[in-house]
Structure formats: C-alpha cells, structure tokens
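Structural features, examined
Each chain is listed here by its residues.
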Amino acid sequence: MLNGNIIAITSGKGGVGKSTVAVNLALSLADLGKKVALIDLDIYGYSIPKILNIESKPKTMNNKIIPVGHENITVMSMGFLLKGNEPVVWRGPMIGKMVGHFFDEVIWGKQDFVILDLPPGTGDMALDLHQKLPQCQEIIVTTPHPNAVHVAERTGIMAKQTNHTILGVIENMSYFTPDGMEKYFIFGQGGGKKLATNLGTDVLASIPLASPQENGEPSVLITDEPELKNIYQSLAKDLINKLTPETIQ
Ligand SMILES: Nc1ncnc2c1ncn2[C@@H]1O[C@H](COP(=O)(O)OP(=O)(O)OP(=O)(O)O)[C@@H](O)[C@H]1O
C-alpha cells in the first residue's frame, strides 16, 4: 500500500518537462533525507527508466513486486516490465488495472513522499487517480508558452473538480541564459504566474532551459547542474515545510 505524502506531477500538454521535474523533485527530497518513491504512471509514454538510465528490473517476493532502488530513491515504471522499447497497446481499463497493481502489489515500505509522474492531460489515468488516491495532491508543470498554459489550466480545473489539492505550478523552460549574457524568455514571460493566478495557487519554481551538452542532449538532471540543484533543493525544502507532519498521511 502507498503511504506518505502523495504528489502527482501533472501537465496539460506533453513535452513540457513533467517527467524531468518528477525525477529531479524525487532526487532532491531524498537528498534532504526523506524516503521517496517515484512511480512512472505514464504507462504509454513511460520515460523514467531512460531519464535515470536504470537497467535493472524489479524482483518478486511472495507474488509481490520489489521496486527498483536507484541512488537514494525507489522507482517503479511500466518500462521495467517490458523488453526493450516495446509499446503498450492496451485500452483504458487495462491501464487502470496496472495502476492498481503498482499501488497495491508493490512492496513500498514506509515512505515520506511518493512522487507520481502522470500522463499529460485529463484522460482515463487522471480520472482513475482521483478515484484511487483521493488524498493525492498535485503540482502542475507548464512552460510559459500560452498554448501550454491554456491546456494546463484544464488539468488544474479537473483537479479542483475532483477535490485534489493543487500544491502549485512549476514553470519549466522559463528562460535561457547564454554564457555571460542576459536572460532570454524564449517561450514568453508570465505564463506560469497566469496559470497559478487562474487556479488560485502559487508558482513554486521557475526552471531555466538547459543548454545542450557536447552530445546534443540538454543537461536536465540536478546531478549534473549545480544551478538546477539549488532551484530544486529550495523547492523540496518549501514542500517539506508546507507538508507538515500533520498532513503526512
Ligand atoms: N528545463 C529544461 N531544459 C531543456 N530541456 C528540458 C528541460 N526540461 C525538460 N527538457 C527536455 O524536454 C524533453 C521532454 O521532457 P519530459 O519527458 O520531462 O517531458 P514530459 O512533459 O514528461 O513529456 P511527456 O508527458 O510527453 O512524456 C526531454 O528531452 C527533456 O530532457
């Protein structure tokens, strides 16, 4: 059974950095000494094993699944249960069943925080989650781009309609600072703030666009970027302070 503060990382559109935020937040909370589980619920679009470069697979004990330990967090993903880069070709009800297994058939142990990486949007999974985990709280990730903000607002409205608390908004890809130069607001400015205001919540963090490394991939993990690490550490501290022991489920 899941326990601890359960926080779903959601977004309206895909590609805004939801999984990246989920991973970095989980690692940062763990760096602060918290016990953290990270569950990749993006069943069709799972990406956490790749982001964290995890090759190991979960083991089983007495018909229960033992999640994968990585650095100082515990991780579960659909990607662990498939060979290679197989697609998941299931209809909605099967997805609901799998999510149930992730919650009930995995030996989670005692956790302080459970970070859920949801698929983007307001589909079956989001609805399922509202029913299965009414105590779950949400963080909505958007870029500052007006289209991303517009779609993210619907995710927030759904959270409210189903009585999930919105902890706040994270604006990802907020700006880019070329070496020694000023900030450029590539996707516009103020999108995260607008979303937060419309939903009656706050912007918890604004995260810059990372520069590409030599291999062309942006360096998006706190383990590689000190500036990013500072931003996420302060976000993790704020969340720990906000979610006082009284609210720990
Ligand atoms: N701040 C950032 N700077 C640069 N690149 C980023 C940043 N955040 C995320 N990315 C990159 O953007 C891409 C999409 O990120 P990610 O997979 O986290 O998005 P997502 O919202 O979870 O997408 P989906 O829901 O479609 O899986 C990845 O290649 C990731 O490395």
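The model shown is predicted, which means the values in this text are computed figures rather than measured ones. (Residues numbered from 1 in each chain as written. Predicted model: local features only at pLDDT ≥ 70, side-chain atom pairs only at ≥ 80, totals over all residues. Heavy atoms only, no water.)

Time to look at the packing of aromatic side chains. Scanning the model with the defined rule gives one aromatic pair in all. Here the basic side chain of Lys183 rests over the ring of Tyr175, its NZ or CZ set 4.3 Å away from the ring centre. (Phe/Tyr/Trp six-rings, centres within 6.5 Å; stacked < 30°, edge-to-face > 60°. Lys NZ or Arg CZ within 6 Å of the ring centre and 35° of its normal.)

Let us now look at the sheet that holds strand E10 (residues 203-207). Strand order in the open sheet formed by eight strands is E5-E6-E2-E7-E1-E8-E9-E10, with mixed pairing between adjacent strands. The open sheet has two free edges, formed respectively by strand E5 (68-70) and E10, since each of these has just one partner strand. Across the sheet, the axes of successive neighbouring strands diverge by a mean angle of 25 degrees, strand direction being ignored. In this structure, strand E9 (residues 165-172) lies alongside E10, joined through four bridges in parallel fashion. The residue of E10 that forms the bridge with Glu171 is Ser206. Packing of helix H5 (residues 146-161) onto the sheet brings it into contact with strand E1 (5-11), strand E8 (137-142) and E9, and relative to E8 it is tilted by some 170 degrees. (Pairing = 2+ DSSP bridges. Helix = DSSP H or I, 4+ residues; strand = E, 2+ residues; numbered from the N terminus. Axes fitted to C-alpha atoms, helices over the stretch in contact; angles between N-to-C directions. Contact = heavy atoms within 4.5 Å.)

A word on empty space enclosed by the protein. Tallied over the full model, the rule gives one cavity of 30 Å³ or more. Computed from the structure, the largest cavity encloses a volume of approximately 40 Å³. If you trace the largest cavity, you find it lined by Thr10, Leu118, Pro119, Gly121, Thr122, Ala126, His130, Glu138, Thr155 and Met158. Every element with two or more residues in the lining of the largest cavity is listed here: helix H4 (124-132) and H5. (1 Å grid on protein atoms, 1.4 Å probe; cavity = no way out; pocket = protein on both sides within 12 Å on 5 of 7 lines; lining within 4 Å. Points joined across faces, edges and corners; volume = space filled by probe spheres on them.)

The environment of the ligand is made up of 16 residues, and the closest members are Gly15, Lys18, Ser19, Thr20 and Ala210. Note that an oxygen atom of the ligand is positioned 2.8 Å from one of the backbone N or O atoms of Ser19. Within the backbone of Ala210, a nitrogen or oxygen atom sits 2.8 Å from a nitrogen atom of the ligand. Burial of the ligand by the surrounding chains reaches 75%, relative to a free accessible area of 630 Å². When residues in the shell around the ligand are grouped by element, the largest group, three residues, is from helix H1 (residues 18-31). A breakdown of the residues in the shell around the ligand according to their chemical character gives eight nonpolar, six polar and two charged. (Near = heavy atom within 4 Å. Polar contact = N/O pair within 3.5 Å; in protein donor to acceptor, adjacent residues only side chain to side chain. Areas by Shrake-Rupley, 256 points an atom, 1.4 Å probe, with all protein chains shown as cover. Nonpolar A, V, L, I, M, F, W, Y, C, P; charged D, E, K, R; others polar.)

The UniProt entry lists Gly12, Lys13, Gly14, Gly15, Val16, Gly17, Lys18 and Ser19 under the feature "binding site: ATP" (unreviewed entry), expressed in the numbering used here. Note on placement: Lys13 falls in the loop between E1 and H1. Those residues within four positions of Lys13 in sequence are excluded, and the remaining contacts are Pro120, Asn147, Ala148 and Val151. Inspection of the secondary structure puts Ser19 in helix H1. Contact partners of Ser19, with chain neighbours within four places excluded, come to Ser47, Ile51 and Asp117. (UniProt positions renumbered as here; feature names shortened; annotations may be inferred.)

Turning next to the pattern of salt bridges. This model, assessed by the stated rule, comprises four salt bridges. Of the charged contacts in the structure, one is a salt bridge between Asp31 and Lys229, with a shortest N-O distance of 3.8 Å. Here the residue Asp31 occupies a position in helix H1, and Lys229 occupies one in helix H7 (residues 226-242), the gap between them amounting to 198 residues. Beyond isolated ion pairs, a larger network of salt bridges with shared partners links Lys18, Asp42 and Asp117. (Salt bridge = Lys/Arg side-chain N within 4 Å of Asp/Glu carboxyl O.)

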